[in-house]
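# Breakdown of the fold
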2 protein chains.
Amino acid sequence: MTTRDKIIFAALRSFLTIGVDQTSLSNIADAVNIKKPSIYYHFKSKEDLINQCTFNILDDLEHRIDLSFEQIDSPREQLEALYECMIEFHKNLSLMVYENHHQIVNLTSFFQRASLESDQNKQRIDGYYHALQVKLISLLSNGQKQGIIKNAINKEIVSIDLIARIDGMITLSAIYEGANINTQRYGLYESVWDSLKAEHTPKKKKMLDYKSFDLGRKW
Amino acid sequence: MTTRDKIIFAALRSFLTIGVDQTSLSNIADAVNIKKPSIYYHFKSKEDLINQCTFNILDDLEHRIDLSFEQIDSPREQLEALYECMIEFHKNLSLMVYENHHQIVNLTSFFQRASLESDQNKQRIDGYYHALQVKLISLLSNGQKQGIIKNAINKEIVSIDLIARIDGMITLSAIYEGANINTQRYGLYESVWDSLKAEHTPKKKKMLDYKSFDLGRKW
DNA sequence: GTCTATACAAGGATAGAC
DNA sequence: GTCTATCCTTGTATAGAC
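What counts and how
- Residues numbered from 1 in each chain as written.
- Chains lettered and ligands numbered in written order.
- Predicted model: local features only at pLDDT ≥ 70, side-chain atom pairs only at ≥ 80, totals over all residues.
- Heavy atoms only, no water.
- Least-squares fit on C-alpha atoms with pLDDT ≥ 70 in both.
- Contact = heavy atoms within 4.5 Å.
- Buried area = accessible area lost by both parts, 1.4 Å probe.
- Salt bridge = Lys/Arg side-chain N within 4 Å of Asp/Glu carboxyl O.
- Polar contact = N/O pair within 3.5 Å; in protein donor to acceptor, adjacent residues only side chain to side chain.
- Helix = DSSP H or I, 4+ residues; strand = E, 2+ residues; numbered from the N terminus.
- Nonpolar A, V, L, I, M, F, W, Y, C, P; charged D, E, K, R; others polar.
- Near = heavy atom within 4 Å.
- Domains from an automatic or database assignment.
- Buried < 20%, exposed > 50% of the residue type's maximum accessible area, 1.4 Å probe, protein only.

### Looking at the relation of the copies chain B and chain A
- Superposition of chain B onto chain A requires a rotation of 180 degrees combined with a translation of 0.0 Å along the rotation axis, giving an RMSD of 0.0 Å. Such a turn and shift between the copies fits a two-fold axis.
- When the interface residues of chain B are mapped onto chain A, 100% of them again fall at the interface, so both copies present the same face.

Okay, here's the thing in structure tokens:
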């Protein structure tokens, strides 16, 4: 792991837990065991560091989403795989940045802060959501062709709604005790599919092979 | 308007636009046309000010939500009224804090930041969401009794989902160009109701009397 | 209740030695 | 590539006059 990578790792860790503005370059330097000015050898400024973190994380997330789409044909399972992928990504981030596992990171609020930092970030983040929406619209179309998703939907709005539901639930999990994406996601999937499926669709035969989870913790 | 109120107003305006951490007491003082130390006559510290803002805004929002519930019997219209109320609240905030109307404030990210500030805030925010969930569960139960909401739902998860959908869509509107709660909300209502309604429910007869909106702007 | 003056800490950033 | 030393700005907060 290069020093540069260590800095990005430490920065992200702090950005996602205590927030961008409460993260000082001194703290990052301490975490990496270097001195503050050394950061400036690798990054032009704090803004530069924030930008790199944003791009790093979005490139990774998009890549994983693409992979999860490729392996599956069925629209229903594709949608679940997408949600699983996003949740797993958040979960991995949470495990990475927190010592205990009872807290979930909130990428969305980081994205919002990053959007304010530079137009470059703003566009990158907008592009991420746009790509996601395009994927979902195509997924909905496929489902309609196969007759398993009802025709009477506004795909543009439903696709936004699908993003809002998963993003919203992850965010809620971070601030509301009653929400817990880790235990409630299967209920969410049922509920989501229920709102999309064509009437008289046969019930789903088998569950996806979800990884098992540690119990006794919130996240 | 007392000086105290002016300070809260100015603080909120800045908290919701550029963020809590990028708001300095000097800026707030300038906006209110007083000097920085005068703020300390009214508030013990910046943390105190953040707490007061949180409570102010949540008391107001909860009050409006209660009012919107009281006037209506039908679960479907009650749900729409709730969403309308939350959207209108955000819209009013947006008009208040921004000079132009193309941007939407994001309360959720403010809540997250406020949660980190003090346990007092954390509990207040959690309580807000809990009250909302309780209202929604009761709404769902009523709808089931009346035979217009299907029985095969997990009310606990669906109620969380309903909160996530509106909160998520408002948040998305703030960072993704393709999302616009102002123009897409009626589509959202349709989509939401569609996912709840018992099969063979007669179509809704009349629209609620929604206020008209200025066109040609995002928010 | 509001001010001036000021203390004190911490932030981002640069110069220049090694 | 990393360091020490340092600059400059800004932040929160307090003392004490009016």
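### Things to note about the interface of chain B and chain A
- At the interface, 39 residues of chain B touch 39 residues of chain A.
- Note on chain B versus chain A: buried area summed over both sides is about 3,600 Å², and carbon and sulfur give 59% of it.
- The largest contributions to the chain B side of the interface with chain A come from Gln-112, Ile-175 and Tyr-176 of chain B, which together make up 19% of the buried area.
- In this assembly, chain B and chain A are joined by four salt bridges.
- Taken together, the connections running from chain B to chain A amount to twelve residue pairs in polar contact (both at pLDDT 80 or more).
- Sorting the residues of the side of chain B that touches chain A by element identifies helix H6 (107-117), helix H7 (119-145), helix H8 (155-175) and helix H9 (181-196) of chain B as the ones contributing at least two each.
- Broken down by element, the side of chain B that touches chain A gets its largest block of residues, twelve residues, from H8 of chain B.
- In terms of residue class, the side of chain B that touches chain A is made up of 14 nonpolar, 16 polar and nine charged.

### Quick look at the protein's contact with DNA strand D
- Surveying the vicinity of DNA strand D reveals 16 residues, the closest of which are Lys-35, Ser-38 and His-42 of chain A together with Lys-36 and Tyr-40 of chain B.
- For DNA strand D, the backbone portion of the atoms within 4 Å of the protein, that is sugar and phosphate, comes to 63%.
- Within the contact set of DNA strand D, a phosphate oxygen lies 3.0 Å away from a side-chain nitrogen or oxygen of Thr-3 of chain A.
- A distance of 2.7 Å separates a phosphate oxygen of DNA strand D from a polar side-chain atom of His-42 of chain A.
- Ranked by residues supplied to the surface near DNA strand D, first place goes to helix H3 (residues 36-42) of chain A with four residues.

### Observations regarding the domain arrangement of chain A
Residues and elements named next belong to chain A.
- Domain boundaries assigned for chain A yield domain 1 (1-43) and domain 2 (51-196).
- Put simply, the middle of domain 1 and the middle of domain 2, counted by C-alpha atoms, are 27 Å apart.
- Each partner contributes to the interface: domain 1 provides twelve residues, whereas domain 2 provides 13 residues.
- Interface area for domain 1 against domain 2, summed over the two sides, is near 1,200 Å², with a carbon-plus-sulfur share of 72%.
- For the pair domain 1 and domain 2, the number of links is one salt bridge.
- When the shortest N-O distance is used, the salt bridge between Arg-113 and Asp-21 registers 2.7 Å.
- Linking domain 1 with domain 2 are two residue pairs in polar contact (both at pLDDT 80 or more), by the criterion used here.

### Details of the protein's contact with DNA strand C
- Around DNA strand C, 16 residues are found, and the nearest of them are Leu-25 and Tyr-40 of chain A together with Lys-35, Ser-38 and His-42 of chain B.
- Backbone atoms, meaning sugar plus phosphate, form 63% of the atoms of DNA strand C positioned within 4 Å of the protein.
- For DNA strand C, a phosphate oxygen lies 2.8 Å from a polar atom in the backbone of Leu-25 of chain A.
- Side-chain polar atom of Thr-3 of chain B to a phosphate oxygen of DNA strand C: 3.0 Å apart, as the coordinates give it.
- Elements supplying a minimum of two residues to the surface near DNA strand C: helix H2 (25-32) and H3 of chain A together with helix H3 (36-42) of chain B.
- The biggest single contributor to the surface near DNA strand C is H3 of chain B, with four residues.
- By residue class, the composition of the surface near DNA strand C is six nonpolar, seven polar and three charged.

### A closer look at the pattern of salt bridges
- Scanning the model with the defined rule gives 26 salt bridges over all chains in all.
- Asp-59 of chain A serves as the salt-bridge partner of Arg-124 of chain A, at 2.8 Å between the closest nitrogen and oxygen. Within this pair, whereas Arg-124 of chain A is found in helix H7 (residues 119-145), its partner Asp-59 of chain A is found in helix H4 (residues 46-70), the two being separated by 65 residues in sequence.
- Look at Arg-124 of chain A and you get buried, because its relative accessible area is 14%.
- Glu-84 of chain B is the salt-bridge partner of Arg-185 of chain B, the closest N and O atoms lying 3.3 Å from each other. Here Arg-185 of chain B, found in helix H9, pairs with Glu-84 of chain B, found in helix H5 (residues 75-97); they are 101 residues apart in sequence, far enough to count as distant. Here Arg-185 of chain B matches Glu-84 of chain B in class, with each residue buried.
- Put simply, Asp-21, Arg-113 and Glu-117 of chain A are held in one network by salt bridges that share partners.

### Observations concerning unusual backbone geometry
Residue and element names in this part refer to chain A.
- Located in the positive-phi region is Asn-33, a residue other than glycine, with phi close to 65 degrees.
- Tracing the backbone through its elements, the reader meets Asn-33 in the loop between H2 and H3.
- Exposure remark for Asn-33: the relative accessible area of 72% places this residue in the exposed category.

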